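# Remarks on the overall topology
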Amino acid sequence: MFDQFDADADAILEEQIAICEIPAPTGQEATRATYVANALTALGLRVHRDQVGNVIARHEYASDHPIVLSTHLDTVFGPEQCVTVARPGQHNPYREGETVPAGEYHAPGISDAAAGLAAVLAIARALQGSPVSSQALYVATVGEEGRGDLRGARHFFDSELGRSARAFITIDHSDPAAIVNSGIGSRRYNVQYRSRGGHSWGHFGRYNPAFALAAAADRLADIRLPRSPRTTYNVGVVQGGETVNAIPELAEMDIDLRSESAGQLERLDQELQQIIRYGHQREQGRRSGGAQEPIVSKIGDRPAGVTPAESDLVQAAKRALEAEQLRPRLIAASTDANAAIAAGVPAVAMSWGGRSDNQHSVREWFDPTDRSRSLRVITRLLLDVTQRTAAQHSSLD
Ligand SMILES: [Zn+2]
């Protein structure tokens with residue numbers, strides 16, 4: 001079972017490339033979902049798609065309390081983004097004038113989460129026929145990224161099947177030695193400043209939404225945050241206005257707040273709400289007329305939460321890494337595991353292995369060196385959790 005990943009290394013890489021080249025923007029995952037569903041069906045699993053589009057595959061004689069192995073289908077990129085994979089030695093269309101170095105594969109989404117999907121399929125394949133396969137449930141979720149706001153995972157954990165899971169393992173990060181056991185909470189807002197608008201010369205003096213936005217963004221940028229619990233903010237999208245010589249009718253921004261701590265996140269959120277008012281009032285104080293009330297819409301709300309370091313699942317993940325000579329580190333991130341933890345299911349996010357960087361950017365790349373080791377880690381983890389929980393079940397009888 002463990003040797004298979006090395007033997008299949010080329011096929012796993014080609015599958016990852018094929019998956020990457022099927023565009024899957026958040027909300028438009030169906031084509032990629034079909035590919036994944038077909039691959040799981042070919043393994044003899046029973047595959048279905050739930051109401052939101054998650055792909056769910058289980059063994060014919062599946063456990064009622066499965067261990068879920070998962071990753072997400074969607075990418076942060078839009079439908080217009082080229083996702084053709086540039087191979088070693090080829091001209092790199094994502095970096096002007098550069099050639100792809102030996103061992104590297106470049107394309108947006110090549111790791112996040114094409115590498116995760118390739119890993120789930122490779123592990124499902126390796127486990128076919130083993131006792132573990134009836135304990136495992138394979139899930140490829142929609143809507144993990146950005147504005148998807150964990151839509152697929154939330155839906156899954158609202159279902160009876162999701163809530164009955166013994167554990168949830170999502171393959172969704174790049175660091176081979178890291179266990180994500182802490183879910184970073186996030187709140188996301190779209191903030192719109194609005195005005196009657198007008199001519200930049202003729203109506204000069206009217207409330208200008210761009211200045212209100214700038215005042216608020218500047219004040220947000222002044223906030224100092226603790227290193228621990230790590231807490232961050234970002235203004236990610238800014239847009240609005242019609243033309244250079246008009247007072248905009250609308251200026252809007254998307255803001256992302258994150259924290260390892262639910263309390264810290266709540267405080268930062270309250271501060272942001274005041275800052276949004278501040279931007280409005282400051283611009284109102286400087287101009288006369290034209291102002292409209294800002295509109296604040298919540299576009300994301302991911303719960304913070306932790307699977308404790310001493311829990312069975314995290315301990316098993318540590319043993320699996322140590323068995324492959326990796327020194328485990330516990331880290332925090334925002335993944336589908338947040339939704340599991342919020343539903344009371346122990347959850348971790350594990351690495352897709354190899355080397356990779358620049359996720360969420362067109363400069364993303366992946367190098368499959370040592371990927372097999374990370375696939376063995378996850379397989380060991382599944383075996384370990386299955387055996388332990390099987391022992392627990394029989395000792396309860
Ligand atoms: Zn991801």
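All values derive from a computational prediction rather than experimental measurement. (Residues numbered from 1 in each chain as written. Predicted model: local features only at pLDDT ≥ 70, side-chain atom pairs only at ≥ 80, totals over all residues.)

### A closer look at the overall build of the protein
Put simply, the test is: Working definition: helices are DSSP H or I runs of at least four residues, strands are E runs of at least two. Numbering for both runs from the N terminus. In this setup the radius of gyration rests on C-alpha atoms only. A globule is expected at 2.2 Å times the number of residues raised to 0.38. Remark: C-beta atoms are placed from the backbone, and a residue is labelled buried if 20 or more other C-beta atoms sit within 10 Å of its own, exposed if 12 or fewer do, or partly exposed between those counts. We call two residues in contact when the distance between their C-beta atoms, placed using the backbone, is within 7 Å.
For the protein, the count of helices and strands is 11 helices and 18 strands. Against the globule reference of 21 Å for 397 residues, the protein gives a C-alpha radius of gyration of 23 Å, in line with a compact fold. Once the C-alpha set of the protein is aligned to its principal axes, its extents read approximately 75 × 55 × 40 Å. By residue count, 48% of the 397 residues in the protein fall in the buried class. Across the protein, contacts joining residues at least 24 apart in sequence account for 76% of those joining residues at least 6 apart.

### Some words on the nonpolar core
Put simply, the test is: Core membership is restricted to buried Ala, Val, Leu, Ile, Met, Phe, Trp, Tyr and Cys residues, and these are joined into a nonpolar core through C-beta atoms within 7 Å. Domains are outlined according to an automatic or database domain assignment.
Ala119, Ala167, Ala317, Ala340, Val348 and Ile378 are the most contacted members of the largest nonpolar core, which totals 100 residues. If one sorts the elements of this core by residue count, helix H4 (residues 114-127) sits on top with 11 residues. Per-domain counts for this core show at least three residues from each of domain 1 (4-183 + 304-396) and domain 2 (185-300). Once residues within four sequence positions are removed from consideration, Ala340 is found in contact with Ala153, Phe157, Phe168, Val345 and Ala347.

### Structural notes on the sheet that holds strand E13 (residues 291-302)
The cut-off we apply is this: Here, strands pair whenever DSSP counts at least two bridges between them. Every angle, taken between N-to-C directions, lies between 0 and 180 degrees, and every axis is a line fitted to C-alpha atoms, over only the stretch in contact when it is a helix.
Taken in spatial order, the four strands of this open sheet run E10-E12-E8-E13, and their pairing is antiparallel. Every interior strand has two partners, whereas the edge strands, strand E10 (231-240) and E13, have only one. Averaged over neighbouring strand pairs, the angle between their axes works out to 15° when direction is ignored. Strand direction decides the pairing type here: E10 and strand E12 (residues 250-259), joined by nine bridges, are antiparallel. Paired with Gly240 across the two strands is Ala251, which belongs to E12. Against the sheet, helix H7 (residues 209-221) makes contact with strand E8 (185-195), E10 and E12, and its axis sits at roughly 15° relative to E12, the strand it touches most. Each of E8, E10, E12 and E13 touches helix H8 (residues 262-286); the most contacted strand, E12, lies at about 160° to it.

### Quick look at the packing of helix H2 (residues 9-20) against H4
Heads up, the condition is: Our angle categories are set so that under 35 degrees counts as roughly parallel, over 145 as roughly antiparallel, 65 to 115 as roughly perpendicular, and the remainder as oblique. A clockwise turn of the near helix away from the far one marks a right-handed crossing, whereas an anticlockwise turn of less than a right angle marks a left-handed crossing.
Relative to each other, H2 and H4 sit at 135°, their axes nearing to 8 Å. In terms of orientation, H2 lies oblique with respect to H4. Pair H2 / H4 crosses with right-handed handedness. Across from Ile12, Glu15, Gln16, Ile19 and Cys20 in H2, the residues of H4 making contact are Ala114, Ala115, Leu117, Ala118, Leu121 and Ala122.

### Side note on the domain arrangement of the protein
The condition that has to hold: Side-chain classes are defined by residue name, with Ala, Val, Leu, Ile, Met, Phe, Trp, Tyr, Cys and Pro counting as nonpolar, Asp, Glu, Lys and Arg as charged, and the others, Gly among them, as polar.
Segmenting the protein into domains produces domain 1 (4-183 + 304-396) and domain 2 (185-300). The centre of domain 1, based on its C-alpha atoms, is set 36 Å off from the matching centre of domain 2. Contact with domain 1, which involves seven residues of that partner, is made by 11 residues of domain 2. The residue inventory of the side of domain 1 that touches domain 2, partitioned by class, reads two nonpolar, three polar and two charged.

### Looking at helix H3 (residues 30-41)
Put simply, the test is: The span expected for a helix works out to 1.5 Å for each residue beyond the first. Each direction from the helix axis to a C-beta atom contributes to the arc, which is the arc of those directions.
If you check H3, its first and last C-alpha atoms are 16 Å apart, about what 12 residues at 1.5 Å a residue would give, namely 16 Å. Buried within H3 we find Arg32, Ala33, Val36, Ala39 and Leu40. Taken end-on, H3 shows its buried residues confined to a sector of 125°, consistent with a single buried face. Every exposed residue of H3 that faces more than 90 degrees away from the buried side is listed here: Thr31 and Asn38. Summarising the contacts, the buried residues of H3 are in contact with H2, strand E1 (46-49), strand E2 (55-58), H4 and strand E5 (136-141).

### Quick word on the environment of Ala118
Along the chain, the position of Ala118 falls in helix H4. Among residues more than four places away in sequence, those in contact with Ala118 are Ile12, Glu15, Gln16 and Ile19.

### A look at H2
Because an α-helix completes one turn every 3.6 residues, residues spaced three or four positions apart along the sequence face the same direction. In a regular helix each residue adds 1.5 Å, so 12 residues correspond to 16 Å; H2 covers 17 Å between its end C-alpha atoms and thus fits that length. In this structure, the buried side of H2 is in contact with H3 and H4.

### Observations regarding the sheet that holds strand E17 (residues 355-357)
The sheet built from three strands is open, its strands ordered E4-E18-E17 with antiparallel pairing. Of all the strands in the sheet, the pair left with one neighbour each is strand E4 (105-106) and E17. Sheet topology places E4 next to strand E18 (residues 365-367); two bridges connect them, and they run antiparallel. Looking across to E18, one finds that Tyr105 is bridged to Phe366.

### Considerations on the pairing of E12
Here 10 bridges tie E8 to E12, and the two strands are oriented antiparallel to one another. Paired with Arg188 across the bridge in E12 is Asp256.

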